[in-house]
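# Observations on chain architecture
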Amino acid sequence: MSSPRFQPSSYLSDPAAFGRAVVVDWRSVPEGPSTGWLDQFGVSQRQHALAYVIRGEAMRRYGSVKAYADAFGLSYQRLSAVLRGDQIIRLEDIVSAERNLNAAPAILLALSVHTQPSRSSPE
């Protein structure tokens, strides 16, 4: 697995909550954020919402993320890294989850999530 350009979970105050909690605390926006920072923040938000849906559906239908990965020949190592926010999700990951978990409506809703970054002091 190659190193990602950034880790989506790094935009959370508590990276361990990535993809596991409905409500999370996002890091503060730095003073004068670059468009790159804002884009990565948006990716992080959407991937968090997707990871929450995918993890929940995998657990509900298969009992574990590993069992879900095994059932469809997916790399458990990559899938778990994506769901933790250590790797960036790919479109094929999303399409696979839509098809394998029959979760298209929930995934479309997760993709529509958009939270404005807070303007409090940077961390």
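Structure: see above.
Right, let's walk through the structure included here.

Definitions and cut-offs
- Residues numbered from 1 in each chain as written.
- Predicted model: local features only at pLDDT ≥ 70, side-chain atom pairs only at ≥ 80, totals over all residues.
- Heavy atoms only, no water.
- Helix = DSSP H or I, 4+ residues; strand = E, 2+ residues; numbered from the N terminus.
- Buried < 20%, exposed > 50% of the residue type's maximum accessible area, 1.4 Å probe, protein only.
- Contact = heavy atoms within 4.5 Å.
- Polar contact = N/O pair within 3.5 Å; in protein donor to acceptor, adjacent residues only side chain to side chain.
- Phe/Tyr/Trp six-rings, centres within 6.5 Å; stacked < 30°, edge-to-face > 60°.
- Lys NZ or Arg CZ within 6 Å of the ring centre and 35° of its normal.

## Considerations on the environment of Arg55
Relative to the helices and strands, Arg55 is located in helix α1 (residues 35–62). Given a relative accessible area of 13%, Arg55 falls into the buried group. Remark: the alpha-carbon pair of Arg55 and Tyr68, spanning 13 residues in sequence, is separated by 9.4 Å. Once you skip the residues sitting within four places of it in the chain, Arg55 turns out to touch Phe18, Gly19, Arg20, Val65, Leu83 and Arg84. Within polar-contact distance, the side chain of Arg55 engages the backbone oxygen of Gly19 at 3.3 Å.

## Section: the packing of aromatic side chains
For any pair of aromatic rings, the description consists of the separation of the ring centres together with the inter-plane angle of the planes. One pass over the structure, following the stated rule, counts eight aromatic pairs. Look at Trp26 and Phe41: their rings are 5.5 Å apart centre to centre, the planes differ by 70 degrees, and that puts the pair in the edge-to-face class. One end of the pair, Trp26, is in the segment before α1; the other, Phe41, is in helix α1, and 15 residues separate them in sequence. Look at Trp26 and you get buried, because its relative accessible area is 17%. Site record: aromatic cluster; members linked through ring pairs are Phe6, Tyr11, Trp26, Trp37 and Phe41. Between Lys66 and the ring centre of Tyr76, over which it is positioned, the NZ or CZ distance is 5.7 Å.

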